[in-house]
Amino acid sequence: MVSSEGLCGSSPPAAAPMTQYGVTKPISMAGPTEADILRSRDLEKFLVEAGLYEINEESSSREEVLGRIQEIVTNWVKQLTHLRGYTDQMVEDANAVIFTFGSYRLGVHGPGSDIDTLCVGPSYVNREEDFFFVLHNILAEREEVTELQPVPDAHVPVMKFKFNGIPIDLLYASISHLVVPHDLDISDMSVLYNVDEPTVRSLNGCRVADQILKLVPNVEHFRTTLRCLKFWAKRRGVYSNVTGFLGGVNWALLVARICQLYPNAVPSMLVSRFFRVYTQWRWPNPVMLCAIEDGLGFSVWDPRKNHRDRTHHMPIITPSYPCMNSSYNVSTSTLRVMMEQFQYGNSICEKIELNRAKWSALFEPYLFFQSYTNYLQVDILAADADDLRSWKGWVESRLRQLTLLIERDTYGKLQCHPYPQEYVDASKPSAHCAFFMGLQRKQGEIIHEGHQFDIRGSVDEFRHSINMYMFWKPGMEIYVSHVRRKQLPAYVHPDDYKCSRNLRLTSHQQFYKLSRNNGVAYQTESAEKCLKRKKDLDGENSEQHRLVKQRSPDRDQSGSPEIISHKLSSNSTGCSTSGLDETNGFAGANASSNSSGISSCSHEDIGNESTAGSSEGSNGGYDNLLSSRSDSYDDLKSSVEDEHADKNRVLQDGLPKELRAKYGGWCCSKVHEWSCRCRVCEESLDKVFLRSILNDFSSVFHMQCFSLYCFLWCSFCCITG
């Protein structure tokens, strides 16, 4: 008799247990195919050709610099030990240890990148006086040290400088040891005994870097993938923790989690899976490499207990105790931008896997200045380069607050996209740099005619935070202005960028001058209106003009902004003109182009611009402006060619009912002619605007439109009676 076991054959061997990395099981244990291996080789070749790896000579220079810094801090601690009256034996044993963290510790640094360093010293050497004053003075006296900049009030206090041309970020942590051992294990939790919160944050950088390297299944694959994605993030404008995007440690944690989910994947697979996973990630679910531990009583990230943790939009949790959210700077606007960029990266990777694109397509630069119609321009000025360095660092660290304030005051309806790159006008002799923010109305918001975004209060509150700078010096100024795409200064565009026509100075400019001693918001007006206000202070209040955004197919020629502000004061008898020549001559009287800074942006100005910003298939997206009262350039061009077909649409968009009833088709014809010949006027033919044209016609229209003056006068008389 045959048993059932014989009929079924031998039982299959038991499957090997799946190794778990992190808090969940892997998504896939699959290894690479031959195509994946070839794509990984192509990726590594591309990264090498892009110059992301440093040469051996530079690596040796970095090691030498670290050795010199180790020698300096050791002598510094010995000096302080002697001054405090400790025994000769204590002076001999006194020590400080230099640790590295960040990209250098992770092994993904490139040419010219900085070295994040931590100095661990004994308990009797403090940060406030000994580190930021005594050591600061020691470094300032050395010839090898340049661009020394202390930042004691940062979230993680740091001293920035260059040593033999290599950028260094130096932190300090005083631990509860009288003598710091040479072989100190910084990963041990005992280093956290009896230390304050800033010290914990300073120590956490090194502890996190060590934990990341321990928690990834393949360190080399992790490093190649991280190097690739950091380069991608910089090219796409989403690499900056200080402006609300992600910094180095954030990207490292995201990549490490993908390595855990695909432990056998090679770099080409990991890059593709990175975008595939994070385009579908349901934020604010946290990204964690390991379970959150509790221990010595320090606060850890826990939205169940901490109300503030519930407000985080993109939590990326550090793996070492105390576990913190490393991406607390992310706002709703910056998260939106990053998700759009993840979608872009995912689409390119899908094409690469189908052999329809090369790796170079993934790293196409983001076309920030072609992605929005409206921008905030933040100009930073100082007396010299050293003052600008410290002043710029302070302002840049507060730019995220301006984004949050605008989001708060507009109830999230006005979205900001801060761009992390700084721009410098090389033609100006003064110390200057500028940052830009893209502005757009939130997708899907209902447009209310005439409604505007008033951000004056947001900018004023931003000014108060800027004025808290404890190292302020005369000459340190900041200017915040609103500019349209066609008014952007030329220095933000590539050298080979071609523009089509010159800018004109509009009569609707407003400008903010933010200084330490005077916090008044300055409103810019035309010179004619300023003189008129002087002559008749008790006259009628000027009525707000409604702007109809009519897009032009060509970008305007622009250069350095010439900003003319007219100070409005309660005890003033008129408008006093003050230019930037009062502050180091940033904008001269003969500037070739203008910057318009306005305090409020209407829904009609802020449209649904495309923010993809890629060079591939993006031209049509960012050339469309969805406005309730404007037509595209192509529509208006076709309306001139076929006047009859588009007559009703133009009447509905451009003319009031009274004018429509009295003039009918003839009036429509004239409006077609005006729309075609004066595209940049951007004004609406309503009652208020007609009156303003008669009051100040020459400051609004080009002279080529003067033939329409009689028509406008008749229209005004017929409407007003």
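All values derive from a computational prediction rather than experimental measurement.

Undergrad: Tell me about the overall build of the protein, and name the residues and values.
TA: Helix and strand counts for the protein stand at 21 helices and 18 strands. A total of 721 residues make up the protein; the buried ones form 52% of that total. Partitioning the contacts of the protein with sequence separation of at least 6, the portion at a separation of at least 24 is 74%. Of the accessible surface of the protein, which amounts to about 33100 Å², a share of 50% is contributed by carbon and sulfur atoms.

Undergrad: Please set out helix H3 (residues 56–83) residue by residue, giving values where relevant.
TA: Residues spaced three or four apart along an α-helix face the same direction, because each turn holds 3.6 residues. In a regular helix each residue adds 1.5 Å, so 28 residues correspond to 40 Å; H3 covers 41 Å between its end C-alpha atoms and thus fits that length. Listed as buried for H3 are Arg62, Val65, Leu66, Ile69, Ile72, Val73, Thr74, Trp76, Val77, Leu80 and Thr81. Gly85, located one to two residues past H3, shows a positive phi value of around 85 degrees.

Undergrad: Let's hear about the confidence of the model for the protein: which residues, and what values?
TA: When pLDDT is averaged along the protein, the result is 74; 65% of the residues meet or exceed 70. Note that pLDDT drops below 50 for residues 1–16; the model gives that stretch 1 contact with residues more than four away or on any other chain. Overall, residues 498–721 carries pLDDT values under 50, and its contacts beyond four positions in sequence, including any with other chains, amount to 431 contacts.

Undergrad: Just give me the short version of the side chain of Ser371, but keep the residues and values in it.
TA: Along the chain, the position of Ser371 falls in the loop between helix H12 (359–362) and strand E6 (374–382). What makes Ser371 buried here is its relative accessible area of 0%.

Undergrad: Any chance you could break down helix H10 (residues 267–279) for me, citing the residues and the numbers?
TA: A rise of 1.5 Å per residue sets the reference length of H10, with its 13 residues, at 18 Å; its end C-alpha atoms lie 18 Å apart and thus fit the reference within 8%. The element H10 is extensively covered by neighbouring structure, given that 12 of its 13 residues are classed as buried. Residues of H10 that are buried include every one of Pro267, Ser268, Met269, Leu270, Val271, Ser272, Arg273, Phe274, Phe275, Val277, Tyr278 and Thr279, and no others. On its buried side, H10 packs onto helix H2 (34–49), helix H8 (219–235), helix H9 (248–261), helix H11 (332–353) and H12.

Undergrad: Describe the packing of aromatic side chains, naming the residues involved and giving the relevant values.
TA: In the structure shown here, the tally under the stated rule is 36 aromatic pairs. Ring plane angle 35 degrees and centroid distance 5.1 Å describe the contact between Phe231 and Phe363, whose orientation is recorded as tilted. Taken together, the residues Phe231 in helix H8 and Phe363 in the loop between H12 and E6 connect sequence positions 132 residues apart. Pairwise contacts between aromatic rings join Trp232, Trp251, Phe274, Phe275, Tyr278, Trp281, Trp283 and Phe342 into one cluster. Of note, Arg227 hangs over the ring of Tyr53, and the distance from its end group to the ring centre comes to 4.1 Å. Of note, Arg398 hangs over the ring of Trp394, and the distance from its end group to the ring centre comes to 3.8 Å.

Undergrad: Which residues make up a negative patch on the surface, and what values go with them?
TA: On the surface, a cluster of negative charge is contributed by Glu128, Glu129, Asp196 and Glu197. When you line up the elements, Glu129 lands in helix H6 (residues 127–140).

Undergrad: Could you give me a rundown of the nonpolar core, with the residues and numbers involved?
TA: Ranked by size, the top nonpolar core spans 94 residues in total, and within it Leu118, Ile212, Phe222, Trp232, Trp251 and Phe274 carry the most contacts. Filtering out sequence-adjacent residues up to four positions away, Trp232 remains in contact with Val238, Trp251, Phe275, Gln341, Phe342, Tyr344, Leu362 and Phe363. Counting 29 residues, the second largest nonpolar core, distinct from the first, contains Ile72, Ala94, Ala96 and Ile166.

Undergrad: Just give me the short version of the environment of Tyr344, but keep the residues and values in it.
TA: Along the chain, Tyr344 turns up in helix H11. Taking C-alpha positions, Tyr344 is 9.5 Å from Thr279, a pair spaced 65 residues apart along the chain.

Undergrad: Explain the packing of H3 against H6 residue by residue, including any values.
TA: One way to put it is that H3 packs onto H6 with a least axis distance of 11 Å and a crossing angle of 120 degrees. Between H3 and H6, the angle falls in the class oblique. Like other packed secondary-structure pairs, H3 and H6 cross with a definite hand, here right-handed. Across the interface between the two elements, Ile72, Val73, Trp76, Gln79 and Leu80 of H3 pack against Asp130, Phe131, Val134, Leu135, Ile138 and Leu139 of H6.

Undergrad: Quick one: what's the story with the side chain of Lys230, residue by residue and with numbers?
TA: Tracing the chain through its elements places Lys230 in helix H8. The buried charged residue Lys230 lacks any salt bridge, with Asp114 as its nearest oppositely charged partner at 7.4 Å. Residues in contact with Lys230, not counting those within four places in the same chain, are Ser103, Val108, Tyr239 and Trp251.

Undergrad: Tell me about the state of the cysteines, and name the residues and values.
TA: Between two cysteines, a covalent bond joining their sulfur atoms is known as a disulfide. In total, this model carries 0 disulfides according to the counting rule given. Cys228 carries a free sulfur, and the closest cysteine sulfur to it, the one in Cys349, is 7.7 Å from it.

Undergrad: Tell me about the pairing of strand E5 (residues 166–174), and name the residues and values.
TA: Of all 9 residues making up E5, 8 are buried, and the element is well covered by its neighbours. Pairing geometry for strand E2 (residues 115–121) and E5, over 7 bridges, is parallel. Within the sheet, the bridge partner assigned to Ile115 lies in E5 and is Ile168. Pairing analysis gives 5 bridges linking strand E4 (residues 158–163) to E5, with the strands arranged antiparallel. Paired with Lys160 across the strands is Asp169, a residue of E5. Between the antiparallel neighbours E4 and E5 lie 2 residues, among them Asn164 with a positive phi of about 55 degrees.

What counts and how
- Residues numbered from 1 in each chain as written.
- Predicted model: local features only at pLDDT ≥ 70, side-chain atom pairs only at ≥ 80, totals over all residues.
- Heavy atoms only, no water.
- Helix = DSSP H or I, 4+ residues; strand = E, 2+ residues; numbered from the N terminus.
- Buried < 20%, exposed > 50% of the residue type's maximum accessible area, 1.4 Å probe, protein only.
- Contact = heavy atoms within 4.5 Å.
- Areas by Shrake-Rupley, 256 points an atom, 1.4 Å probe, with all protein chains shown as cover.
- Expected span 1.5 Å × (residues − 1).
- pLDDT = per-residue confidence, 0-100.
- Phe/Tyr/Trp six-rings, centres within 6.5 Å; stacked < 30°, edge-to-face > 60°.
- Lys NZ or Arg CZ within 6 Å of the ring centre and 35° of its normal.
- Patch = residues over 30% accessible without salt bridge, like charges linked within 9 Å, V, L, I, M, F, W, Y side chains within 5 Å.
- Salt bridge = Lys/Arg side-chain N within 4 Å of Asp/Glu carboxyl O.
- Lys, Arg positive; Asp, Glu negative; His and termini not counted.
- Charge placed at Lys NZ, Arg CZ, Asp CG, Glu CD.
- Core = buried A, V, L, I, M, F, W, Y, C linked by side-chain atoms within 4.5 Å.
- Axes fitted to C-alpha atoms, helices over the stretch in contact; angles between N-to-C directions.
- Parallel < 35°, antiparallel > 145°, perpendicular 65-115°, else oblique.
- Left-handed = near helix turned anticlockwise from the far one by under 90°.
- Disulfide = S-S within 2.5 Å.
- Pairing = 2+ DSSP bridges.

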